[in-house]
Amino acid sequence: SDAAAEETAAELRALGAEPVLVRGNVTSDRVREQIRELGPLDVFVHNAATGVIRPALETEDKHWDWTLNANARAFLALTRVIAPAMPAGSSVVAISSLGSIRVLENYALVGTSKAALEALVRYLAVELGPAGIRVNAVSGGVVDTGALDHFPNREEMIAMGSRNAAGRMVTPDDMAGAVAFLSSRDSEMVRGQTLIVDGGFSLPA
């Protein structure tokens, strides 16, 4: 939302940065051109996500197109315009979720799109490696954000989110810490990997 974007921009200005807000659909040509015009980026984090939350047999082709386009195709399209200008040592980080490897209720389309996203991360890591660009992903468990409001089984998801070795839900700060690591030179030898941040939720059989 505009309000959330402005709030984030204010936080960045307070830290001494000069944010540039680009409003629009990440799948659009206009947004890609605006991003291209920003010039060389040191870090690109693909955090845009959407999708239709319902059983697979209750979805339609338009739901598939919408979900896959925003969550996977846009990542590739944006990387195409950003990567050629990125300097050596730069980092690309995609945000995924456990639905890419685990079956979650009502999550068929989003989970499939995240699996495609993670596959792209591996391919791009190899392709962009010679240019000195790292490509990785961060996969969150049940993260405590407003996105949960779109799930018909929201309360179940919240209860499930704390059933892990850490004993609490994953927070946006937990995700941000992982992204910061993959964006730093400390992750120089981490390439094409998906770092799972779920408090150990996915460990038990």
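Quick look at the structure, then. The written sequence of each chain sets the order in which its residues are numbered from 1. For a predicted model such as this one, the threshold for reporting local features is a pLDDT of at least 70, and the threshold for listing and counting side-chain atom pairs is 80 or more; totals across whole chains, interfaces and linings nevertheless cover every residue. Neither water nor hydrogens contribute to the side-chain values; these are computed over all heavy atoms in the structure.

**Quick look at the pairing of strand β2 (residues 91-97)**
Part 1 of the reasoning: A 1.4 Å probe rolled over the protein chains alone gives each residue an accessible area, and that area as a share of the maximum for its type sets the label: buried under 20%, exposed over 50%, partly exposed in between. Runs of H or I in DSSP of at least four residues are treated as helices and runs of E of at least two as strands, each being numbered from the N terminus. Counting buried positions over the seven residues of β2 gives seven, a clear majority of the element.
Part 2 of the reasoning: Along β2, one buried face is formed by Ser-91, Val-93, Ile-95 and Ser-97 and the opposite face, lined by Val-92, Ala-94 and Ser-96, is buried too.
Part 3 of the reasoning: Think of it this way: DSSP has to see at least two bridges between two strands before they count as a pair. As judged from the four bridges shared by strand β1 (residues 43-46) and β2, these two strands associate in the parallel manner. Among the inter-strand pairings, Val-45 is bridged to a residue of β2, identified as Val-93.
Part 4 of the reasoning: If you view a crossover with the strands going away from you and the path from the first strand over the helix to the second runs clockwise, you call it right-handed. In this region the chain leaves β1, passes through helix α3 (residues 61-82) and returns to the parallel neighbour β2; the handedness of that crossover is right-handed.
Part 5 of the reasoning: As defined by bridge partners, β2 adjoins strand β3 (residues 134-140) across seven bridges and the pair is classed as parallel. Residue pairing in the sheet places Ile-95 in a bridge with Val-138 of β3.
Part 6 of the reasoning: A crossover connection joins β2 to the parallel β3 through helix α4 (residues 108-128); in handedness this β-α-β unit is right-handed.

**Observations regarding the pattern of salt bridges**
Part 1 of the reasoning: For this document, the term salt bridge refers to a Lys or Arg side-chain nitrogen within 4 Å of an Asp or Glu carboxyl oxygen. Counted according to the given criterion, the structure contains seven salt bridges.
Part 2 of the reasoning: We note a salt bridge from Glu-33 to Arg-36, for which the minimum N-O separation is 3.0 Å. Of this pair, Glu-33 and Arg-36 both sit in helix α2 (residues 29-36), three residues apart, which is roughly one turn of the helix.
Part 3 of the reasoning: The exposure class of Arg-36 is partly exposed, given its relative accessible area of 42%.
Part 4 of the reasoning: Here Asp-174 makes a salt bridge to Arg-168, at a shortest N to O gap of 2.8 Å.
Part 5 of the reasoning: You can call Asp-174 partly exposed: its relative accessible area is 25%.
Part 6 of the reasoning: Within the structure, one salt-bridge network assembled from shared partners comprises Arg-134, Glu-188 and Arg-191.

**Details of the sheet that holds β1**
Part 1 of the reasoning: What the four strands build is an open sheet, ordered β1-β2-β3-β4; its pairing is parallel. Edge positions in the sheet fall to β1 and β4 (194-197), since each has one partner strand and no second. Direction aside, neighbouring strands of the sheet carry axes that sit 20° apart on average.
Part 2 of the reasoning: The contact rule is simple, with two residues in contact once any of their heavy atoms fall within 4.5 Å. Lines fitted to C-alpha atoms define the axes, with helix axes restricted to the stretch in contact, and inter-axis angles between N-to-C directions lie between 0 and 180 degrees. Of the strands in this sheet, β1, β2, β3 and β4 touch helix α6 (residues 172-183), which is tilted by about 165° from β3.

**Description of unusual backbone geometry**
Part 1 of the reasoning: For Asn-106, which is not glycine, the phi dihedral falls at a positive 65°.
Part 2 of the reasoning: Residue position: Asn-106 is located in the loop between β2 and α4.

**Topic: the side chain of Asp-198**
Part 1 of the reasoning: One can find Asp-198 in the segment after β4.
Part 2 of the reasoning: For the purpose of counting charges, residues Lys and Arg are taken to be positive, whereas Asp and Glu are taken to be negative. His and the chain ends are not included. There is no salt bridge for the buried Asp-198, and the closest opposite charge comes from Arg-102, which lies 6.1 Å off by N-O distance.
Part 3 of the reasoning: In terms of polar contacts, Asp-198 uses its side chain to reach the side chain of Ser-202, at 2.6 Å.
Part 4 of the reasoning: Residues within four places of Asp-198 in sequence aside, it is in contact with Leu-98, Gly-141, Asn-164 and Val-170. Here a polar contact is recorded for every N or O atom pair within 3.5 Å, except that within protein the pair must consist of a potential hydrogen donor and a potential acceptor, and residues adjacent in sequence are included only if both atoms are side-chain atoms.

Taken by themselves, the reported measurements are silent on function.
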